[in-house]
Amino acid sequence: VHGGTDVELRTKSLEYLTTLPWDGYAIGGSLGNGREELKNLLTWMMPLFNATEDRRDKCRHLLGIADIESVHNAVQWGVDSMDSSYPTKLARHGTLMTQDGLIRIKRGKHAKSFGMKIDSDCECSTCTHYDRAYLCH
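Residues numbered from 1 in each chain as written. Predicted model: local features only at pLDDT ≥ 70, side-chain atom pairs only at ≥ 80, totals over all residues. Heavy atoms only, no water.

**Student:** Help me out: how do you make sense of helix 1 (residues 7–17) in this one?
**Tutor:** Note on helix geometry: an α-helix contains 3.6 residues per turn, so any two residues three or four positions apart are oriented the same way. Residues of helix 1 that are buried include every one of Arg 10, Ser 13 and Leu 14, and no others. Viewed end-on, helix 1 has its buried residues packed into an arc of 95°, placing them on one side of the element. Within helix 1, the exposed residues directed more than 90 degrees away from the buried face are Glu 8, Lys 12 and Tyr 16. If you check the start of helix 1, you find a side-chain oxygen 3.0 Å away from the backbone N of Glu 8, and it comes from Asp 6. (Buried < 20%, exposed > 50% of the residue type's maximum accessible area, 1.4 Å probe, protein only. Helix = DSSP H or I, 4+ residues; strand = E, 2+ residues; numbered from the N terminus. Arc of directions from axis to C-beta. Polar contact = N/O pair within 3.5 Å; in protein donor to acceptor, adjacent residues only side chain to side chain.)

**Student:** Help me understand the sheet that holds strand 1 (residues 24–27), please; the structure alone is not making it clear to me.
**Tutor:** Paired through backbone hydrogen bonds, the strands of a sheet run either parallel or antiparallel to each other. Spatially, the 3 strands line up as an open sheet ordered 1-2-3, and their pairing is parallel. For this open sheet the edge positions go to strand 1 and strand 3 (81–82), each flanked by a neighbour on one side alone. Relative to strand 2 (residues 59–62), strand 1 runs parallel, the two sharing 4 bridges. From the neighbouring strand, Gly 24 faces strand 2, where its bridge partner is Cys 59. (Pairing = 2+ DSSP bridges.)

**Student:** Help me understand the pairing of strand 5 (residues 101–104) in this model?
**Tutor:** Consecutive residues of a regular strand have side chains that alternate between opposite faces of the sheet. Both strand 4 (residues 95–98) and strand 5 contribute to a ladder of 4 bridges, which runs antiparallel. Following the sheet pairing, Thr 98 is matched in strand 5 by Gly 101. What sits between strand 4 and strand 5 in their antiparallel hairpin is a turn of 2 residues.

**Student:** Looking at this structure, I do not really get the packing of helix 1 against helix 2 (residues 35–45). What am I missing?
**Tutor:** In a packed pair of helices, the relevant descriptors are the angle between the two axes and the axis-to-axis distance. Two elements in contact, helix 1 and helix 2, have axes separated by 11 Å at closest approach and are oriented at 50°. In terms of their interaxial angle, helix 1 and helix 2 are classed as oblique. Regarding helix 1 and helix 2, the two cross each other, and that crossing is right-handed. Of the residues in helix 2, those in contact with Val 7, Arg 10, Thr 11 and Leu 14 of helix 1 are Leu 41, Trp 44 and Met 45. Partitioning the contact of helix 1 with helix 2 into residue classes produces 5 nonpolar, 1 polar and 1 charged. (Axes fitted to C-alpha atoms, helices over the stretch in contact; angles between N-to-C directions. Parallel < 35°, antiparallel > 145°, perpendicular 65-115°, else oblique. Left-handed = near helix turned anticlockwise from the far one by under 90°. Contact = heavy atoms within 4.5 Å. Nonpolar A, V, L, I, M, F, W, Y, C, P; charged D, E, K, R; others polar.)

**Student:** Hey, could you run me through the packing of helix 2 against helix 4 (residues 68–76) in this one?
**Tutor:** The contact between helix 2 and helix 4 brings their axes to 10 Å, and the two run at 10°. Relative to helix 4, the element helix 2 is oriented roughly parallel. Contacts between helix 2 and helix 4 involve Arg 35, Leu 38, Lys 39 and Leu 42 from the first element and Glu 69, Ser 70, Asn 73 and Ala 74 from the second.

**Student:** I'm lost on the pattern of salt bridges in this one. Help?
**Tutor:** Between side chains of opposite charge, a pair can form when the charged atoms approach closely. In this structure the tally under the stated criterion is 6 salt bridges. Note that Lys 12 and Glu 8 form a salt bridge whose closest N and O atoms lie 3.5 Å from each other. With Lys 12 and Glu 8 both in helix 1 and 4 residues apart, this pair spans about one turn of that helix. Comparing Lys 12 with Glu 8 shows no difference in burial state: the two are exposed. Across the salt bridge formed by Lys 117 and Glu 123, the nearest N and O atoms sit 3.6 Å from each other. The exposure class of Glu 123 is exposed, given its relative accessible area of 60%. Residues participating in the shared-partner salt-bridge network are Arg 35, Asp 67 and Glu 69. (Salt bridge = Lys/Arg side-chain N within 4 Å of Asp/Glu carboxyl O.)

**Student:** Please explain the environment of Thr 98 as it appears in this structure.
**Tutor:** On the secondary structure map, Thr 98 appears in strand 4. Owing to a relative accessible area of 16%, Thr 98 belongs among the buried residues under this scheme. Sequence separation between Thr 98 and Asp 121 is 23 residues, and the spatial gap between their C-alpha atoms is 9.0 Å. Apart from residues no more than four positions distant in its own chain, Thr 98 is found in contact with Ile 103, Ile 118 and Asp 119. Within polar-contact distance, the side chain of Thr 98 engages the backbone nitrogen of Asp 100 at 3.2 Å.

Shown next, in the form of structure tokens:
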């Protein structure tokens, strides 16, 4: 579903695409200039996907989300899945995503954080087997 932030163009795109026999819908194109415009776009557009039963039952995928706040907004408005380069960009620059927020693991203070878990509430393989000092290395 394309059309930028233009209500009329997005609505026309959505109305046409929802008549086709797809398994779901991808929401892409220009999603606005920042979080607030994306939030406004989802606020008026996502209810259109619930207008009929056949639309409600299909997956809605949002393309190119850039940050955690936008992910939360998207889920709140009924987006089923999304893709993002955000976690990869963070990792490339030595930043970890945890339940308590971001950790800039390359900072010197983590070099001697032996035994300190990455995320104290996480039981994934990385958090279970490696500490902050190891990842800072």
